[in-house]
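Residue-level listing of the chains:
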Amino acid sequence: MGANELSALLWRERELLELLVFKLEEEHLLLQGGKSRWLQHATREVEQVLGHVREAGLGRSVEVAALATQWGTAEDATLRELAANAPEGPWGEIFSAHLKAMGDLTTQIKELRDTNERFIRAAARSTQETMTTVSASPKTYDASGVTGTPVTAARIFDRNL
């Protein structure tokens, strides 16, 4: 595989990273709007895109190694090292541009991930606080209309006798 093919793979990986940003923003909007009903679907979509990103990353690593060998650099070279050691021509600049764009997308992804995580933690804390304030034994009205009498199995049984 040559530089053209690697560049095409990098474009595909960038598209996947952009899709991941979109899915994380969707998830963020659901969290921000309190639409927990759809959160499970959004999270599943984020996980699916992450799987595609991982596969693309593996493919990129293989192709970078192959091109590095063609260009006479170390087989375990990174994309950054490949761009730095590119032969005369546009490839060094093209691969550097891919690296910068992917770095920018990665920064956006990290920020969205962290923001969404904060929202989820706050929601979990709020739910936990709400649950601690809910009474363990429900109260009802008694025959005289007074509230606050806990309902227990023993009370129900005694009334029925």
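Check the entry above for the structure.
From a predicted model like this one, the values you see are computed outputs, not experimental measurements. (Residues numbered from 1 in each chain as written. Predicted model: local features only at pLDDT ≥ 70, side-chain atom pairs only at ≥ 80, totals over all residues. Heavy atoms only, no water.)

Q: In this structure, what is going on with helix α2 (residues 39-70)? I would like to understand it.
A: The periodicity of an α-helix, 3.6 residues per turn, causes residues three or four positions apart to be oriented the same way. The terminal C-alpha atoms of α2 lie 46 Å apart, and with 32 residues this matches the ideal 46 Å at 1.5 Å per residue to within 8%. Among the residues of α2, those classed as buried are Leu39, Ala42, Val46, Val49, Val53, Ala56, Gly57, Glu63, Val64, Ala65, Leu67 and Ala68. Those residues of α2 that are buried are in contact with α1 (3-33), α3 (79-84) and α4 (91-133). After α2 finishes, the residue Gly72 shows a positive phi value of roughly 80 degrees. (Helix = DSSP H or I, 4+ residues; strand = E, 2+ residues; numbered from the N terminus. Expected span 1.5 Å × (residues − 1). Buried < 20%, exposed > 50% of the residue type's maximum accessible area, 1.4 Å probe, protein only. Contact = heavy atoms within 4.5 Å.)

Q: Would you mind showing me how to read the packing of aromatic side chains here?
A: Enumeration according to the criterion identifies 2 aromatic pairs in this entry. The structure contains a cluster of three or more aromatic residues connected by ring pairs, namely Trp71, Trp91 and Phe95. The ring of Trp11 has Arg14 sitting right over it, with the charged end atom 4.1 Å from the ring centre. (Phe/Tyr/Trp six-rings, centres within 6.5 Å; stacked < 30°, edge-to-face > 60°. Lys NZ or Arg CZ within 6 Å of the ring centre and 35° of its normal.)

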